[in-house]
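# What the coordinates show
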Amino acid sequence: DGDTVTAPRSTGGYALLDVGIKINPNKNTEVLGMFRINNAFGGFWGGGVTFGVRQLYVRGVARDIFRYHIGNIDYKLTPYTFFNHNQDFLTSSIGTNRIKQDVVDYETFYSNNTWR
């Protein structure tokens, strides 16, 4: 009999590729689509590859009167709402910690105190 207690060795993780397309059909309209390709390590010839939509919106101005935004919306936060503090003042992210924080901010769409 083999060892039934020790977990087998495994390599976890994944590779991500975000592909974005931005189209301006006219000066008042913007269409943005971002798609994500996720490849799990250890997949068999593409068996662990998934495709998904990361971001999709259409926005513009109709007849210089009406602004519209359909799809993902970024919310600007204030001290009177669910305000996100500026963590850079509380912790000093340097080196690899700064890279990790940049990745977390990118994944959660956190930028200039806006949130989705």
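Being a predicted model, the structure only gives us computed values, none of them experimental.

Here we come to the sheet that holds strand β4 (residues 66-71). Taking strand neighbours across the sheet as the criterion, the four strands line up as β1-β2-β3-β4 in an open arrangement whose pairing is antiparallel. Looking at the sheet topology across the chains shown, the edges are occupied by β1 (14-26) and β4. Each strand axis lies, on average, 10° off the axis of its neighbour in the sheet, ignoring direction. Inspection of the sheet shows strand β2 (residues 29-40) paired to strand β3 (residues 49-62) by 11 bridges, in the antiparallel sense. Among the inter-strand pairings, N39 is bridged to a residue of β3, identified as V49. The sheet strands contacting helix α2 (residues 96-107) are β1, β2 and β3, and the helix crosses β2 at an angle near 125°.

So, on to the packing of aromatic side chains. All told, the structure shown has zero aromatic pairs when counted by the stated rule. In this structure, R54 is placed above the aromatic ring of Y106, and the distance from its NZ or CZ to the ring centre is 4.4 Å.

A few words now on the side chain of R36. Mapped onto the elements, R36 comes out in strand β2. Among the polar contacts made by the side chain of R36, one reaches the side chain of D18 at a distance of 2.8 Å.

With that settled, the discussion passes to a nonpolar patch on the surface. Nonpolar side chains collect at one region of the surface, where I21, I23, F35, V53 and L56 lie side by side and expose about 440 Å² of accessible area between them. At the level of elements, β1 and β3 are the ones that each hand at least two residues to the nonpolar patch. Looking at where F35 falls in the secondary structure, it is placed in strand β2.

Moving on to the pattern of salt bridges. Tallied over the full model, the rule gives six salt bridges. Between R36 and D18 there is a salt bridge whose closest N-O contact spans 2.8 Å. Of this pair, R36 sits in strand β2 while D18 is found in strand β1, placing the two residues 18 residues apart along the sequence. Across the pair R36 and E107 runs a salt bridge, and its minimum N-O distance is 2.8 Å. Pair noted here: R36 is in strand β2 and E107 is in helix α2, with a separation of 71 residues, a long-range link. Residue classification places R36 among the buried positions, given a relative accessible area of 16%. Exposure remark for E107: the relative accessible area of 32% places this residue in the partly exposed category.

The rules we used
Residues numbered from 1 in each chain as written. Predicted model: local features only at pLDDT ≥ 70, side-chain atom pairs only at ≥ 80, totals over all residues. Heavy atoms only, no water. Pairing = 2+ DSSP bridges. Helix = DSSP H or I, 4+ residues; strand = E, 2+ residues; numbered from the N terminus. Axes fitted to C-alpha atoms, helices over the stretch in contact; angles between N-to-C directions. Contact = heavy atoms within 4.5 Å. Phe/Tyr/Trp six-rings, centres within 6.5 Å; stacked < 30°, edge-to-face > 60°. Lys NZ or Arg CZ within 6 Å of the ring centre and 35° of its normal. Polar contact = N/O pair within 3.5 Å; in protein donor to acceptor, adjacent residues only side chain to side chain. Patch = residues over 30% accessible without salt bridge, like charges linked within 9 Å, V, L, I, M, F, W, Y side chains within 5 Å. Areas by Shrake-Rupley, 256 points an atom, 1.4 Å probe, with all protein chains shown as cover. Salt bridge = Lys/Arg side-chain N within 4 Å of Asp/Glu carboxyl O. Buried < 20%, exposed > 50% of the residue type's maximum accessible area, 1.4 Å probe, protein only.

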